[in-house]
Amino acid sequence: MAVPAVLRNRDFNLYWAGVVASQIGTRGTVAANLYQVYDLTGSIAYTGLVGAAQAVALVVLSPLGGALADRVDRRRLLQGAQAVALLVAGLLAWLTLSGHAAAWHVVLSVVLTTAAATFDQPARQALIPALVPRSQIAEAIALLNPSREIAVLVGPLLAGVLISVSGPGLMYAVDAGTYALLVAILAVVRTPPLPLPAEKRSVVHSIVEGATYIGRRPLIYTLMGLDLSATVFSAYRVLLPALALDVLHVGSTGYGILSAAPSAGALLATYSVFRTVQRSTRQGKVLLLSTMLYGIAAILLAFSPVFALAVIAALLLGGFDAMATTIRHAAVQIDTPDEIRGRVTAFYQMASRGGPALGDVAVGAFAGLVGPVVALSVGALATISVAASFSLRDNVVRSYSGVVTEDRA
């Protein structure tokens, strides 16, 4: 079996390895943050500040991170963001291992790390087209996206093991090590210089320019809308505890399995996703079908009478989400010129990462009124309806082929 061309690229392979390691450390640290705050305070409300800190930093700083990603060397910007996160993780490890950590230290570390990530993420995504030929962008993203799912599975498991050995401080120390690894890898990765604009413009002007570009690209803003329709209406993760404990009655162990199943489904779908973005010339139709099937899987999860069927539904959720997400992310990168890619990626990040946070609030509140089964079913029907409306008429998404051309006019 021939090795895909994208995997014969030394710089991409190095970058991929560093990203996987860094994400595992980050996911493990988030799990340790939640554990440590609750352990120190015994307050669920205080523990919720961890998520709130992430959301605030993301929304406030993402546009600035995108603007910088188009004004400076993206590799150096990513190195700098990782170095800041390394220092924060190292300091928190020292405070925790020495017994001096307080809950506010942990929440502050989340704010600082997420702030660094808002500069990190646009540069991280925008760097991919500099590592591979344009014809391989979709394949590269199809390989990078599952690394997030690996991190979701492995990171919290690693945190649990390290916490049992020596407490959260050891997880933070390992996280600092993964940041250091990616910083070192970026030092040897080769990328072409970013063409900078001849006229020096203000950061505010750069941010406005990015938003204006999105407004002129129907494919990008429509994909953002589809992303939001899935992540806001069908926000299933916030309902998993209630489904596991109150509907299926499978306890904490069952909840853990149910929580891990979507990531496992995404990993199992990796080969199919990769072959689709590599070969299919009807990726828009595949995207819409995957979104509708995602909604159907959510309804199946809501009405599963037995635990085994719920796990299967969660696996399908992860698989269909991986297909739709990869096609959306690749389309945005392909449809965006390099000189503005960081800003467009930052705005798209606000939808793709902000949508789940908004969905958790909206669907969680709705579930408090009607119960988790009805809330997830109604939300999933909304997602299906939005995708179906695009499937029944000609539009930029349905006609999107996935074929790479040089024409962006």
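Before reading on, note that the structure itself is shown above.
**Student:** In this structure, what is going on with the overall build of the chain? I would like to understand it.
**Tutor:** Scanning the chain for helices and strands turns up 16 helices and zero strands. With 409 residues in all, the chain has 52% of them scored as buried. Across the chain, the fraction of contacts at a sequence separation of at least 24, relative to all contacts at a separation of at least 6, is 85%. As displayed, the chain has an accessible area near 17400 Å², and 69% of this comes from carbon and sulfur atoms.

**Student:** Got a minute to help me understand the packing of aromatic side chains in this structure?
**Tutor:** Here the distance between the centres and the angle between the planes together describe a pair of aromatic rings. Within the structure shown, the criterion is met by one aromatic pair. A centroid spacing of 6.5 Å and a plane angle of 65 degrees characterise the contact between Y236 and Y294, whose relative ring orientation is edge-to-face. Here Y236 is found in the loop between α9 (218-233) and α10 (240-247), whereas its partner Y294 is found in helix α13 (residues 283-303), with 58 residues between them in sequence. Both residues of the pair, Y236 and Y294, belong to the buried class. The aromatic ring of F390 is capped on one face by R393, whose charged end is 5.0 Å from the ring centroid.

**Student:** Could you clarify how one ought to interpret the packing of helix α4 (residues 74-97) against helix α7 (residues 168-188) in this entry?
**Tutor:** The packing of two helices is summarised by the inter-axis angle and the distance between the axes. Their axes nearest at 8 Å, the elements α4 and α7 cross at an angle of 160 degrees. Comparing their axes, α7 and α4 come out roughly antiparallel. Where α4 crosses over α7, the two elements pack in a sense that is left-handed. Among the residues forming the contact of α4 with α7, the class breakdown is 19 nonpolar, five polar and two charged.

**Student:** Is there a simple way to think about the nonpolar core in this case?
**Tutor:** In globular proteins that are soluble, nonpolar side chains generally tend to be buried together. The biggest cluster of nonpolar side chains holds 49 residues, and the ones touching the most others in it are Y15 and L223. Per-element tally for this core: the top contributor is helix α14 (residues 307-334), with eight residues. Apart from the residues within four sequence positions on either side, L223 is in contact with L287, R328, A331, V332, Y348 and V397. L239, L243, A244 and A261 belong to the second-largest nonpolar core, a separate cluster that totals 25 residues.

**Student:** Explain the packing of α9 against α14 here, please?
**Tutor:** Contact geometry for α9 and α14: axes closest at 10 Å, N-to-C directions at 155 degrees. For the element pair α9 / α14, the angle class is roughly antiparallel. For the crossing formed where α9 meets α14, the hand is left-handed. Every residue of α14 that contacts α9 at L219, I220, L223 and D227 is listed here: R328, A331 and V332.

**Student:** What am I meant to see in the pattern of salt bridges here?
**Tutor:** Where side chains of opposite charge bring their charged atoms close, a pairing between them can arise. Scanning the model with the defined rule gives two salt bridges in all. With its nearest N and O atoms 3.5 Å apart, the salt bridge here joins R328 to D227. In this pair, R328 is assigned in helix α14 and D227 in helix α9, connecting sequence segments 101 residues apart. Take R328 and D227: they sit in the same class, and that class is buried. Linking D394 and R398 is a salt bridge whose minimum nitrogen-to-oxygen distance equals 2.3 Å.

**Student:** Sorry, what's going on with α14 here?
**Tutor:** Along an α-helix, residues three or four apart share an orientation, since each turn contains 3.6 residues. Here α14 contains 28 residues, and its C-alpha end-to-end distance of 41 Å stays within 8% of the 40 Å for a straight helix at 1.5 Å per residue. Of all 28 residues in α14, 20 are buried; the element is thus mostly enclosed.

**Student:** Could you clarify how one ought to interpret unusual backbone geometry in this entry?
**Tutor:** As a rule of thumb, non-glycine residues mostly have phi less than zero, and peptide bonds are mostly trans rather than cis. Residues other than glycine seldom take positive phi values, yet H249 does so here, at roughly 55 degrees. With relative accessibility at 61%, the residue H249 sits in the exposed group.

**Student:** Quick question: what am I supposed to make of helix α1 (residues 10-41) here?
**Tutor:** Taking 1.5 Å as the rise per residue, α1 with 32 residues should run 46 Å; its terminal C-alpha atoms sit 47 Å apart, in good agreement. Following α1 by one or two positions, G42 has its phi on the positive side, about 65 degrees.

**Student:** I keep staring at the environment of G379 and nothing clicks. Help me out?
**Tutor:** Tracing the sequence through the fold places G379 in helix α16 (residues 372-391). On the accessibility criterion, G379 (7% relative accessible area) is buried. For the pair G379 and A362, spaced 17 residues apart in sequence, the C-alpha to C-alpha distance is 10.0 Å. The contact partners of G379, leaving out residues within four places of it in the chain, are F233 and S234.

**Student:** What's the story with the environment of H100 in this structure? I'm lost.
**Tutor:** Inspection of the secondary structure assignment puts H100 in the loop between α4 and α5 (103-131). Overall, the relative accessible area of 53% leaves H100 in the exposed class. Among all residues touching H100, those that are not within four sequence positions of it are L95 and H105. Of note is the side chain of H100, whose polar atom sits 2.9 Å from the side chain of S98.

**Student:** For this particular structure, what's the right way to read the environment of G355?
**Tutor:** The residue G355 is located in helix α15 (residues 341-370) in this model. What makes G355 buried here is its relative accessible area of 0%. C-alpha separation for the pair G355 and F233, spaced 122 residues apart in sequence, amounts to 9.2 Å. Apart from residues lying up to four places away in sequence, G355 is in contact with L228, T231, V232 and M350.

**Student:** So what exactly am I meant to see when it comes to a nonpolar patch on the surface here?
**Tutor:** Together, F366, L369, V370, V374 and V378 line one region of the surface with nonpolar side chains, adding up to about 420 Å² of accessible area. The set of elements that each furnish at least two residues to the nonpolar patch consists of α15 and α16. Of the residues forming the nonpolar patch, the biggest block, three residues, is contributed by α15. Secondary-structure assignment places V378 in helix α16. By relative accessible area, V378 is classed as partly exposed at 40%.

Rules of the game
- Residues numbered from 1 in each chain as written.
- Predicted model: local features only at pLDDT ≥ 70, side-chain atom pairs only at ≥ 80, totals over all residues.
- Heavy atoms only, no water.
- Helix = DSSP H or I, 4+ residues; strand = E, 2+ residues; numbered from the N terminus.
- Buried < 20%, exposed > 50% of the residue type's maximum accessible area, 1.4 Å probe, protein only.
- Contact = heavy atoms within 4.5 Å.
- Areas by Shrake-Rupley, 256 points an atom, 1.4 Å probe, with all protein chains shown as cover.
- Phe/Tyr/Trp six-rings, centres within 6.5 Å; stacked < 30°, edge-to-face > 60°.
- Lys NZ or Arg CZ within 6 Å of the ring centre and 35° of its normal.
- Axes fitted to C-alpha atoms, helices over the stretch in contact; angles between N-to-C directions.
- Parallel < 35°, antiparallel > 145°, perpendicular 65-115°, else oblique.
- Left-handed = near helix turned anticlockwise from the far one by under 90°.
- Nonpolar A, V, L, I, M, F, W, Y, C, P; charged D, E, K, R; others polar.
- Core = buried A, V, L, I, M, F, W, Y, C linked by side-chain atoms within 4.5 Å.
- Salt bridge = Lys/Arg side-chain N within 4 Å of Asp/Glu carboxyl O.
- Expected span 1.5 Å × (residues − 1).
- Polar contact = N/O pair within 3.5 Å; in protein donor to acceptor, adjacent residues only side chain to side chain.
- Patch = residues over 30% accessible without salt bridge, like charges linked within 9 Å, V, L, I, M, F, W, Y side chains within 5 Å.

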